[in-house]
Each structure stands twice: as structure tokens, then as C-alpha cells.
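Inside the fold
Here is how the chains run, residue by residue.
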Protein chains: 2
Amino acid sequence: MISEKMMELGKTRSVIREIFEYGNKRKQEIGADKVFDFSLGNPSVPAPDSVNQAICDILKEEPSTVLHGYTSAQGDFEVRKTIAEYINKTQSTNVSADDIYVTVGAAASLTISLHAISVSGDEIITFTPFFPEYRVFVEKAGASLVTVASRAEDFQVEVEAFKKAITPKTKAVILNSPNNPSGVVLREETIVNICKVMKEKQEEYGHEIFLISDEPYRELVYDDVKVPYLLHYYENTLVCYSFSKSLSLPGERIGYILVSNQMKQAKDVYAAVCGAGRALGYVCAPSLFQRVVARCIGQTGDISVYKKNRDILLAGLTECGYSCAKPDGAFYLFVKALEEDANAFCEKAKKYELLLVPGDDFGCKGYVRVSYCVSTEQIENALPAFKKLAEEYCKNK
Amino acid sequence: MISEKMMELGKTRSVIREIFEYGNKRKQEIGADKVFDFSLGNPSVPAPDSVNQAICDILKEEPSTVLHGYTSAQGDFEVRKTIAEYINKTQSTNVSADDIYVTVGAAASLTISLHAISVSGDEIITFTPFFPEYRVFVEKAGASLVTVASRAEDFQVEVEAFKKAITPKTKAVILNSPNNPSGVVLREETIVNICKVMKEKQEEYGHEIFLISDEPYRELVYDDVKVPYLLHYYENTLVCYSFSKSLSLPGERIGYILVSNQMKQAKDVYAAVCGAGRALGYVCAPSLFQRVVARCIGQTGDISVYKKNRDILLAGLTECGYSCAKPDGAFYLFVKALEEDANAFCEKAKKYELLLVPGDDFGCKGYVRVSYCVSTEQIENALPAFKKLAEEYCKNK
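Residues numbered from 1 in each chain as written. Chains lettered and ligands numbered in written order. Predicted model: local features only at pLDDT ≥ 70, side-chain atom pairs only at ≥ 80, totals over all residues. Heavy atoms only, no water.

Our next topic: the overall build of chain A. A tally of helices and strands in chain A yields 14 helices and twelve strands. If you line up chain A on its principal axes, its C-alpha atoms span 65 × 55 × 55 Å. For chain A, buried positions account for 61% of its 397 residues. Contacts in chain A between residues at least 24 apart in sequence constitute 75% of all its contacts with a sequence separation of at least 6. Counting only carbon and sulfur atoms, one obtains 50% of the accessible surface of chain A, whose full area is about 15100 Å². (Helix = DSSP H or I, 4+ residues; strand = E, 2+ residues; numbered from the N terminus. Buried < 20%, exposed > 50% of the residue type's maximum accessible area, 1.4 Å probe, protein only. Contact = heavy atoms within 4.5 Å. Areas by Shrake-Rupley, 256 points an atom, 1.4 Å probe, with all protein chains shown as cover.)

Under the fitted operation, chain A is carried onto chain B by 0.0 Å of movement along the axis and a turn of 180 degrees, and the coordinates agree to an RMSD of 0.0 Å. Both chain copies can therefore be described as sitting about a two-fold axis. Both copies contact each other with a shared surface, as 99% of the interface residues of chain A are interface residues in chain B too. (Least-squares fit on C-alpha atoms with pLDDT ≥ 70 in both.)

Another aspect to go through is the interface of chain A and chain B. Taken together, the contacts link 71 residues of chain A with 71 residues of chain B. Put simply, Lys 11 of chain A and Asp 268 of chain B hold a salt bridge, and the shortest N to O gap is 2.5 Å. Secondary structure elements with two or more residues in the side of chain A that touches chain B: helix H1 (4-11), helix H3 (49-61), helix H4 (64-67), helix H6 (106-117), helix H7 (133-140), helix H10 (266-279) and helix H11 (287-296) of chain A. Examining the composition of the side of chain A that touches chain B, we find that nine residues originate from one element, H10 of chain A, more than from any other. (Salt bridge = Lys/Arg side-chain N within 4 Å of Asp/Glu carboxyl O.)

In this section: the packing of helix H13 (residues 342-351) of chain A against helix H14 (residues 376-396) of chain A. All names here are of chain A. At their nearest, the axes of H13 and H14 sit 9 Å apart, and the two run at 120 degrees to each other. In terms of axis orientation, H13 runs oblique to H14. Helix-helix and strand crossings are classified by hand; for H13 and H14 the assignment is right-handed. Mapping the contact onto sequence places Phe 345, Lys 348, Ala 349 and Lys 351 in H13 and Leu 389, Glu 392 and Tyr 393 in H14. (Axes fitted to C-alpha atoms, helices over the stretch in contact; angles between N-to-C directions. Parallel < 35°, antiparallel > 145°, perpendicular 65-115°, else oblique. Left-handed = near helix turned anticlockwise from the far one by under 90°.)

Here the focus is H11 of chain A. All names here are of chain A. Within H11, nine of the ten residues are buried, which leaves it mostly tucked inside the rest of the structure. Where H11 is concerned, the buried positions are Ser 287, Leu 288, Phe 289, Gln 290, Arg 291, Val 292, Val 293, Ala 294 and Cys 296. The positive-phi residue at the C-terminal boundary of H11 is Gly 298, with phi of around 90 degrees.

This part is about the sheet that holds strand E8 (residues 255-259) of chain A. Residues and elements named next belong to chain A. Strands sit in the order E2-E8-E7-E6-E5-E3-E4 across an open sheet of seven strands; the sheet is mixed. A strand with exactly one partner marks an edge of an open sheet, and here the two such strands are strand E2 (100-103) and strand E4 (144-149). Adjacent strand axes in the sheet meet at a mean angle of 20 degrees, parallel and antiparallel pairs treated alike. Lying over the sheet, H10 contacts E2, strand E6 (210-214), strand E7 (237-242) and E8, oriented at roughly 20 degrees with respect to E2. (Pairing = 2+ DSSP bridges.)

Residues and elements named next belong to chain A. Bridge analysis of strand E3 (residues 123-128) against E4 gives six bridges, and the strand direction is parallel. Residue pairing in the sheet places Ile 125 in a bridge with Val 146 of E4. Crossover connection from E3 via H7 to parallel E4: handedness right-handed. (Right-handed = clockwise from strand over helix to strand, strands pointing away.)

Formed by 148 residues in total, the largest nonpolar core has its most connected members in Ile 55 and Leu 288 of chain A together with Ile 55 and Leu 288 of chain B. The residues contacting Ile 55 of chain A, other than those within four sequence positions of it, are Leu 288, Phe 289 and Val 292 of chain A together with Ile 55, Leu 59, His 68 and Leu 288 of chain B. (Core = buried A, V, L, I, M, F, W, Y, C linked by side-chain atoms within 4.5 Å.)

Residue and element names in this part refer to chain B. Alternating residues of strand E2 (residues 100-103) divide into Ile 100 and Val 102 and Tyr 101 and Thr 103, and every residue in both groups is buried. With four bridges connecting them, E2 and strand E8 (residues 255-259) associate as antiparallel partners. Note on E8: the bridge partner recorded for Thr 103 is Gly 255.

Moving on, we come to H7 of chain A. Along H7 of chain A, the positions that sit buried rather than exposed are Glu 133, Tyr 134, Val 136, Phe 137 and Val 138 of chain A. Positive backbone phi, at 85 degrees, marks Gly 142 of chain A, one or two positions downstream of H7 of chain A.

Before going further, it helps to spend a moment on the sheet that holds strand E5 (residues 170-175) of chain B. Residues and elements named next belong to chain B. Judged by pairing direction, the sheet is mixed, and its seven strands sit side by side in the order E2-E8-E7-E6-E5-E3-E4 without closing on themselves. Taken across any chain shown, the strands that pair with only one partner, and hence form the sheet edges, are E2 and strand E4 (144-149). Taken pair by pair, the neighbouring strands of this sheet meet at an average axis angle of 20 degrees, ignoring direction. With respect to the sheet, helix H7 (residues 133-140) is in contact with strand E3 (123-128), E4, E5 and strand E6 (210-214), its orientation differing from that of E4 by roughly 145 degrees. Across the sheet, helix H9 (residues 188-205) touches E3, E5 and E6, and the angle it forms with E6 is around 150 degrees.

What follows covers the side chain of Ser 3 of chain B. Of note, Ser 3 of chain B is situated in the segment before helix H1 (4-11). Setting aside its immediate chain neighbours within four residues, Ser 3 of chain B contacts His 115, Ala 116, Ile 117, Ser 118, Val 119 and Ala 272 of chain A.

Should the pLDDT be low somewhere, the predicted coordinates at that spot are not to be read in detail. For chain A, per-residue confidence averages 95 on the pLDDT scale, and residues scoring 70 or more make up 100% of the total. As a predicted assembly, this complex carries a pTM of 0.96 together with an ipTM value of 0.95. (pLDDT = per-residue confidence, 0-100.)

We now examine the packing of H6 of chain A against H7 of chain A. Residue and element names in this part refer to chain A. Running from N to C, H6 and H7 cross one another at 35 degrees; their axes reach a closest spacing of 9 Å. By crossing handedness, the relation of H6 to H7 is classed as right-handed. On H7, the residues that touch Ala 107, Leu 110, Thr 111, Leu 114 and His 115 of H6 are Tyr 134, Phe 137, Val 138 and Lys 140. For the contact of H6 with H7, the residue count by class is six nonpolar, two polar and one charged. (Nonpolar A, V, L, I, M, F, W, Y, C, P; charged D, E, K, R; others polar.)

Moving on: the packing of aromatic side chains. For any pair of aromatic rings, the description rests on two quantities: the centre-to-centre distance and the angle between the ring planes. Enumeration according to the criterion identifies 35 aromatic pairs over all chains in this entry. Relative to Tyr 367 of chain A, the ring of Phe 334 of chain A has its centre 5.0 Å away and its plane inclined at 0 degrees; by these criteria the two rings are stacked. Taken together, the residues Phe 334 of chain A in strand E9 (residues 332-336) and Tyr 367 of chain A in strand E12 (residues 367-371) connect sequence positions 33 residues apart. By relative accessible area, Phe 334 of chain A is classed as buried at 1%. Ring geometry for Tyr 241 of chain B against Tyr 256 of chain B: centres 5.1 Å apart, planes inclined by 25 degrees, an arrangement best described as stacked. Of this pair, Tyr 241 of chain B sits in strand E7 (residues 237-242) while Tyr 256 of chain B sits in strand E8, placing them 15 residues apart in sequence. Classification of Tyr 241 of chain B by relative accessible area gives buried; the value is 4%. (Phe/Tyr/Trp six-rings, centres within 6.5 Å; stacked < 30°, edge-to-face > 60°.)

So, on to the environment of Ala 73 of chain A. Residue and element names in this part refer to chain A. Following the sequence through the fold, Ala 73 ends up in the loop between H4 and helix H5 (77-91). Between the C-alpha atoms of Ala 73 and Arg 253, which are 180 residues apart in sequence, the distance is 15 Å. Non-local contacts of Ala 73, meaning those with residues more than four positions away in its chain, are made with Tyr 101, Val 102, Val 283 and Cys 284.

Okay, here's the thing in C-alpha cells:
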């Protein structure tokens with residue numbers, strides 16, 4: 001009698017969450033330092049000091065009824081202006097406060113965007129591997145998720161495969177670069193090719209196909225790799241951003257949607273974003289943290305830790321005989337399992353107290369996600385366990 | 001091609017918001033002290049000092065990665081435990097942390113509850129006058145809103161009218177006491193009668209009918225009036241609470257859903273709440289403010305200001321010849337307009353710089369909502385204007 005779908009969703013804990021809970025239990029049994037938990041994407045570096053400083057300053061400067069009061073539904077005007085100016089400065093764009101809608105984090109950015117643009121029966125395309133909640137968000141918006149396999153060796157998009165998946169029902173394409181779970185950054189060439197197909201198909205079908213750029217990991221890139229800004233490549237773009245990873249604030253739920261003012265329907269799409277936010281119960285984003293991110297924009301936690309972790313883990317795993325596509329960003333490695341069944345591989349890994357996430361839910365069988373947003377010490381201590389796990393497979397060959 | 005419904009919702013600003021914007025413009029033209037804006041329900045008293053103190057303490061005590069990190073989707077366990085214990089202490093209930101789901105405010109509480117329990121074609125009943133966003137939330141959940149007129153003289157519920165509205169399609173009944181916009185508190189007798197009908201109809205139809213108690217104004221009651229706690233009257237109850245009004249934190253978006261553990265389906269309904277929260281993109285409620293409300297629970301801003309405002313405004317308006325049902329709580333008066341058309345009445349009021357909200361959107365023609373969460377000075381200065389407005393109607397009789 002109640003919504004079966006919602007009940008099922010509530011009862012099926014995500015695989016990631018299951019492993020995390022197992023890890024907590026195991027830590028109690030044998031000690032936290034003996035369990036190598038690589039399951040969660042929770043930033044391990046603290047927020048920059050400027051965050052707590054900004055909170056204290058704002059509490060002193062702003063009267064309570066203003067600070068803790070409602071902001072406009074789109075977000076405080078000054079906050080949106082600051083965000084727009086920052087984007088213009090760093091990405092050479094020409095966006096304004098009126099193109100920005102402040103949200104309760106990345107999941108809200110995606111959900112609101114999908115409800116704004118989708119009608120029942122629409123198809124939304126994304127590329128494997130992908131964040132599993134995409135399917136939940138897309139289906140709740142009345143659309144269905146169509147997945148296209150990326151190239152196995154480097155997780156860049158094969159244009160021919162993409163062309164086959166796009167249909168007159170395609171309403172949007174979700175890109176996620178740097179990618180969760182692979183850490184791969186889409187190359188400019190890949191993006192140009194994707195946008196070319198989308199432009200041709202828009203022309204052919206006579207309607208818009210939107211590009212949704214899910215980019216909470218934008219700032220988490222290493223070795224001077226550049227993440228192309230999609231507004232420069234495609235007019236019908238919505239950018240879904242979150243401050244969760246850059247400022248290490250995932251619990252505070254703060255991000256934004258940028259509706260490109262280059263789209264012909266920009267005003268209508270922005271209005272639909274406002275309408276979807278309203279209908280889904282998002283009255284406004286948390287008012288204190290709107291001000292905090294405006295003051296701290298452009299800063300990050302000490303992300304050099306992630307680079308160091310990546311380098312140690314990648315070198316260590318490669319030495320043991322593991323392989324994975326080169327991860328230029330985010331804080332994940334997507335490693336080939338040493339047997340076909342990634343679930344079985346993860347079970348074997350547990351014998352060595354290694355907690356890894358099987359790639360099946362990300363749309364790629366035979367892989368595991370290793371989150372390296374952990375202490376460097378954990379990585380160093382875990383490498384012998386990874387080695388023993390690999391040796392077990394060698395012996396059995 | 002995009003969602004027309006969402007676009008329309010985004011473009012139609014609420015009447016309240018329109019009036020508020022007009023007020024801001026007018027204040028710039030003639031000076032803020034000359035405009036008597038009674039349109040918004042934004043708390044006018046500051047949060048208690050303990051709120052900002054709690055923020056500062058928590059920043060010092062909790063490590064950044066824990067404090068600003070994800071909590072579990074239902075909310076931090078200790079926070080839920082504190083909320084449950086507070087409810088038990090004040091309402092003599094027996095609820096536990098596992099019955100509580102922490103939300104991003106009252107709108108999220110309602111939206112998530114509606115998506116959890118509703119399937120397409122369901123009917124949700126509420127009583128006039130009602131908060132207009134109910135319709136938006138209910139329709140987005142695929143259900144339709146059925147409204148039942150309350151008794152004109154005191155806005156209590158007529159059981160006979162309610163009986164006629166309830167059908168086999170009725171999935172839930174929303175009660176809002178203290179009420180926005182009337183300030184009326186439902187009497188215990190009224191609640192007993194409503195629940196009796198619901199129990200009979202559950203029996204007759206052979207399925208659950210849920211009671212949703214929307215109670216952000218629970219603590220805002222005056223003169224020792226008691227607000228009955230619905231868990232004691234009906235098993236299939238969901239309480240939707242928000243700290244927005246009690247702690248004067250509407251912008252911070254923090255509240256909770258309590259799923260009564262007395263329902264037979266309690267575990268399933270709680271799971272559906274978790275599933276709906278997940279599908280709608282609510283990852284967790286803001287982590288800092290979860291801790292803040294746990295530390296400040298049971299406190300309020302200085303709500304004696306609201307009582308003072310109510311008493312001055314009610315006496316002043318009555319003296320001028322206005323009438324309204326006795327408002328025992330919240331911070332609104334729902335006043336009979338002096339002509340049938342409340343919109344025309346509000347337009348006339350503007351001549352005296354009085355900004356009032358016509359009751360049509362609340363489902364009651366011929367009334368206006370007067371929000372008294374303003375400075376006492378504004379009320380005192382506005383009374384002569386109310387008097388002149390009334391005199392204009394006397395003259396024209």
C-alpha cells in the first residue's frame with residue numbers, strides 16, 4: 001500500500017555502505033589499525049582552516065535573523081554573484097548570478113536538474129563506470145538510464161558506441177570527470193567528439209539534448225592535468241557542482257547548478273530548475289554554509305595528500321601485478337580484479353582485511369574501486385596485504 | 001520539451017513572495033519604517049544565544065573530517081537518540097533513535113513522507129485554511145490534494161464534512177496545528193473525532209490511512225494552550241517537525257520525521273522514508289546543524305515577543321472592527337477581509353502601505369493572513385493604517 005519502490009530502495013543498502021558497516025564491526029573485533037578500509041568516498045583531509053574561521057567571522061558579523069533566516073530559493077544573491085565571478089575568473093566564461101541555483105549538494109544538483117528537464121519516457125545516457133545513484137535519481141525523475149561502455153584500456157568514450165545509444169528519446173547525457181569510480185579525466189578530444197555527436201543529433205531530432213556535467217571532483221586533479229570546462233564546448237549544458245570534496249564538507253550539503261546562458265531556452269530551464277527545487281521540498285540551501293562557501297571559494301583542503309596517496313598506491317599495486325587505468329583525479333583507483341567475478345575477489349580480499357568495492361554496481365564487471373581518501377599510513381600498511389592477495393592468485397594459476 | 005510543470009512552478013512565484021518583493025521596492029521608495037509588511041513567515045526573534053554558542057563549541061570539539069563529514073542517511077545516531085529522548089521526556093512516548101529520520105527542514109519532512117507512502121492516484125486530505133505548498137508537494141508525489149472546509153467561526157474540523165471527503169483512495173490526512181495561516185490549535189476533541197473516523201475507515205477499506213502531523217509551530221503557543229501529541233491518538237502517525245520556527249533557524253534547513261513505532265508497518269514505512277530521501281537526493285541533513293539542534297533541543301528564541309505582538313495586534317484590529325478566529329499559536333492572524341474579494345481588499349490595504357496576503361491560496365476566500373513575526377514597533381505604527389482602511393469601508397457602506 002505504501003510505495004514499494006521507495007521501501008525497496010530504503011531496504012537495499014548500497015554495497016558501499018554494507019562494506020563500510022562490515023569494516024566497522026571488524027575494526028571492533030581486531031583493532032582499527034588492522035583493517036584496511038578502502039570503501040568510502042569521505043574526504044580524509046580536513047576542511048581548510050578558512051572554513052571554520054569563516055563560520056566564526058560570519059556569526060560575529062551577521063545578525064541572527066538574517067544569517068539563519070530564509071534566503072531566496074535560488075540562493076542568496078551575493079553568494080550567487082561570488083560564485084559566478086569565480087567561475088568567470090577561472091574558466092573565462094560570462095555567467096551571472098542569475099544563472100546559478102545554490103543546492104543542498106551534488107545529489108540535489110543532479111536530482112533537481114533531472115526533474116527540471118525530464119518527462120516520463122525520456123532516456124538519460126551515461127558512460128560506464130558510473131556512480132550507482134545515477135540510476136536511482138534518473139528513475140525517480142520518470143526517465144530511464146541508458147549506459148554506454150567506455151573503452152576498457154583508458155575509460156575514454158568510444159564515439160561509435162555512443163552514437164548507437166543515442167535515440168530520439170535521449171533527453172540528456174551525464175558526464176562525470178574526474179570520474180567516480182575510475183579517477184579518469186575525460187580528454188578534450190573525447191569531449192569534442194561527444195559534443196559533436198550531440199549537436200548532430202539535436203539537429204537531426206529537432207530538439208535539445210542536454211549535457212549534465214557532474215563535477216564534484218573538478219579541483220581534485222594531479223600533475224597539471226586540465227579538466228575542460230563544458231560550457232565552452234556545448235551550449236545546452238548544466239553544471240552540477242558540489243563543495244563536498246574540494247572543501248571537505250560532504251556532510252554540510254552545499255553545491256550549485258549552473259544553467260548555461262548560452263542555451264536558447266536558458267530562462268525556461270532555469271525556471272524549471274527553480275520549480276523542481278520547490279516541488280522536491282528544497283526551500284533553500286543551508287544559509288550559513290552558503291556564506292561560508294562564498295568566502296572560501298577557490299580554496300581546497302590539502303589535496304596534495306591525495307596525490308601522495310595515489311602515487312604510493314598506484315606504484316605499490318602495479319608492482320604487485322595489479323592494473324588500472326591512469327587515474328588523473330578524484331580519489332579512487334578502479335583496479336582490475338584478479339578473477340572475473342569481482343564479488344568473489346572482494347571476498348578473498350577480506351581474508352587479508354582489505355575492504356574493496358566490487359565494480360558491478362558501477363556498471364563494470366571484473367573491477368574493484370579502491371578509495372584512497374584514507375591516511376597515507378593505511379595505504380603503506382595495506383600494501384603487503386595487497387601483495388599476499390596477488391600471490392594467492394599466482395599460486396592458483 | 002523540458003518539464004512544463006516544473007517550469008510553470010518555477011515561473012509562478014508564490015503570492016507571498018510577490019508581495020514581499022513589492023514591499024522591498026516600496027521600502028526603497030518611501031523608507032522602510034513607512035511600509036507595514038505583514039507578508040512573510042520569517043521568525044523575527046533571533047535564535048537563542050545557545051545556538052551560536054553551540055556552533056563555536058562544536059567547531060572546537062569535533063575534528064573537521066568528522067564534523068563536516070557525511071552522517072548516516074537517517075542522521076547521526078547520537079543526534080537521533082537525543083531527539084527521541086527529548087520527545088519521550090516531553091510527550092511521555094516511547095520512541096527510539098531508529099524511529100527518527102533527520103531532514104533538511106519541514107518541506108523535506110513532508111515531501112519525503114508523501115513520496116514514501118503515496119502511489120499514483122492516491123488522495124491526500126487536508127483542511128482549509130492550509131499552507132499552499134501542500135498542493136505542490138502532494139502533486140509531485142503523484143497524489144492529489146483533497147481539501148475539506150473547516151468550520152468558519154473557529155477553524156476546527158467538522159467531522160461530517162471530513163466523512164464525506166474520505167474515500168478508498170485516501171492515503172493520508174495532513175493536520176497542521178498550530179495552523180499556518182490561522183494560528184488555530186486543534187482541540188483535543190477535534191483530534192479524537194478525526195482519528196475515530198480514520199480508524200473506522202481503515203477498518204472499512206481494509207488498508208492504512210496515515211496521519212501526517214505537520215508541526216513546525218508546536219512550541220509557538222500562548223496562554224498555556226496545549227497542543228495534543230498525535231502519537232497518543234492514532235497509531236499510523238508520521239510527525240513532520242522542523243526547528244525553523246522554535247529555534248529561529250529557517251534558513252539552516254533542519255527538522256525530522258518521526259515514524260510512530262506503533263504502526264504495524266513501522267519498519268516498512270521507515271524504510272520507505274529512507275528510500276524516498278535517497279531517491280529525492282537528500283543524502284543527509286546538514287551535519288553541523290544536526291549537532292547544533294541536538295544541543296539546543298527544548299530551547300526557543302524569545303517567543304514572548306510573538307505573544308506580545310499577537311495581543312497588541314488582535315486587540316487593535318478588534319477595536320477597529322476586524323474579526324478573526326482566536327489564534328492560540330504560530331505567528332499569524334487570519335482576518336476576515338472587509339469585502340468578499342480578499343485580493344481587492346489587499347489592494348486597498350496597499351494604499352495605506354499595509355502588505356497582507358489574500359487567503360485564496362490557503363483555500364479560504366474572503367480572508368487575509370497577517371504575519372506578526374515583525375517588530376512590535378511595526379505593529380504599533382501600523383494600527384492607525386488598519387483603522388483608516390476600516391474607516392474607508394465604513395464610509396462606503
